[in-house]
Amino acid sequence: MKLRLLKYLLLLCVWLGAFPFARAQPSLSIYLESGENNVSEGLFIRTAAFGEYRFGKNSLRGGLQLDLKGPGTKFLTGASINLAREFSIREFPFEIHALYSHNRFSELLYEYNLGVVCKVNIRNLTFRLGNNFRTYGLTKYAVREYAVDSDNKIHENFNLMYLVAYHLNPAEHYWNVSLSVTNIDHFIIEQETNPVLFLRGEYNISSPLTVFAELWYKTAGSFNLSINYFGFFFRTGLIWNINL
């Protein structure tokens, strides 16, 4: 996975470098999160970093997730790419996002998703709705350790993705607080029946810098077994909008 992922990231950097800086609006963000769920074997700690370019009505965003403390032994555990474009129909603006995410849960199991999402902002509300194609797979270690000789992947087609968020202030305000219900995160997409609640606060320290904090909580759900993890985590980070 590491070599393939590094190859894709290198190609992404070369592709991004082809765009003149004068036409682009780059930004960097990094966060740290910590929490506990029923499969984390105690407290887990992760960090992630994202780079984003906006050029015209388009944007390209890529990120990596690193496990600092958790049940697994892998350091690099997640990757995501998101390509978006703004559209307008009769002066009604919306965005279409194409996304890919990869998450390695343990030494035995990984998951990746391909999806398309439509994002709409209406006053103080944000809506996202789309579909994704999910694949669960056994790692090479699991296949070798347990002598798996049959198909080691499970595919799920046309899973629903959604987000509904309410913001106290408009997006351009220097501070904001929002409450969301969703099954979408940076490196994982939950099942439709596994909604997650999260509260987010953000504050613009200066023109290029914004600090944010989020509290996420996922219940076990009415019809879910313990195989579907549940729990909570706290996330805080910094967004740097680079002025070129």
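Residues numbered from 1 in each chain as written. Predicted model: local features only at pLDDT ≥ 70, side-chain atom pairs only at ≥ 80, totals over all residues. Heavy atoms only, no water.

Undergrad: In this structure, what is going on with the overall build of the protein chain? I would like to understand it.
TA: Along the backbone of the protein chain there are 2 helices and 12 strands. When the helices and strands of the protein chain are read in sequence order from the N terminus, they spell out α-β-β-β-β-β-β-β-α-β-β-β-β-β. A buried classification covers 35% of the 244 residues belonging to the protein chain. Here the contacts in the protein chain between residues at least 6 apart in sequence split such that 48% fall between residues at least 24 apart. (Helix = DSSP H or I, 4+ residues; strand = E, 2+ residues; numbered from the N terminus. Buried < 20%, exposed > 50% of the residue type's maximum accessible area, 1.4 Å probe, protein only. Contact = heavy atoms within 4.5 Å.)

Undergrad: Looking at this structure, I do not really get the pattern of salt bridges. What am I missing?
TA: Two side chains with opposite charge may pair up if their charged atoms get near one another. Summed over the entire model, instances satisfying the criterion amount to 12 salt bridges. For the salt bridge of Arg46 with Glu33, the shortest nitrogen-to-oxygen distance reads 2.8 Å. Residue Arg46 is found in strand β2 (residues 44-55), and its partner Glu33 is found in strand β1 (residues 24-37); the two are separated by 13 residues along the sequence. Arg235 is the partner of Asp185 in a salt bridge, and the nearest nitrogen-oxygen pair spans 3.0 Å. Taken together, the residues Asp185 in the loop between β9 (175-182) and β10 (196-204) and Arg235 in strand β12 (residues 231-241) connect sequence positions 50 residues apart. The class for Asp185 is buried, based on a relative accessible area of 19%. Look at the salt bridges and you will find they share partners, linking Glu33, Arg46, Asp67, Asp185, Arg200, Glu202, Glu214 and Arg235 into a network. (Salt bridge = Lys/Arg side-chain N within 4 Å of Asp/Glu carboxyl O.)

Undergrad: Explain the environment of Tyr166 here, please?
TA: The residue Tyr166 is located in strand β8 (residues 153-167) in this model. Measuring from C-alpha to C-alpha, the distance between Tyr166 and Thr126 comes to 6.6 Å, with 40 residues separating the pair along the chain. What Tyr166 contacts, discounting residues up to four positions off in sequence, is Asn124, Leu125, Val177, Ser178 and Leu179.

Undergrad: Would you mind showing me how to read the pairing of strand β3 (residues 58-69) here?
TA: A regular strand carries its side chains on alternate faces of the sheet. Looking at chain direction, β2 and β3 are connected through 11 bridges and run antiparallel. Bridging from a neighbouring strand, Gly51 pairs with Gly62 of β3. Between the antiparallel neighbours β2 and β3 lie 2 residues, among them Gly56 with a positive phi of about 65°. Alignment of β3 against strand β4 (residues 76-89), held across 9 bridges, turns out to be antiparallel. Along β4, the bridge assignment pairs Leu64 with Ala79. (Pairing = 2+ DSSP bridges.)

Undergrad: Just to check I follow, could you spell out the confidence of the model for the protein chain for this structure?
TA: Predicted coordinates in areas of low pLDDT are best not read in detail. Across the protein chain, the average pLDDT comes to 85, with 84% of residues at 70 or higher. Ranking the helices and strands of the protein chain by mean pLDDT puts β9 first, with 97, and helix α1 (residues 2-17) last, with 51. Per-residue pLDDT stays below 50 along residues 16-22; that stretch engages in 5 contacts with residues further than four places along the chain or on separate chains. (pLDDT = per-residue confidence, 0-100.)

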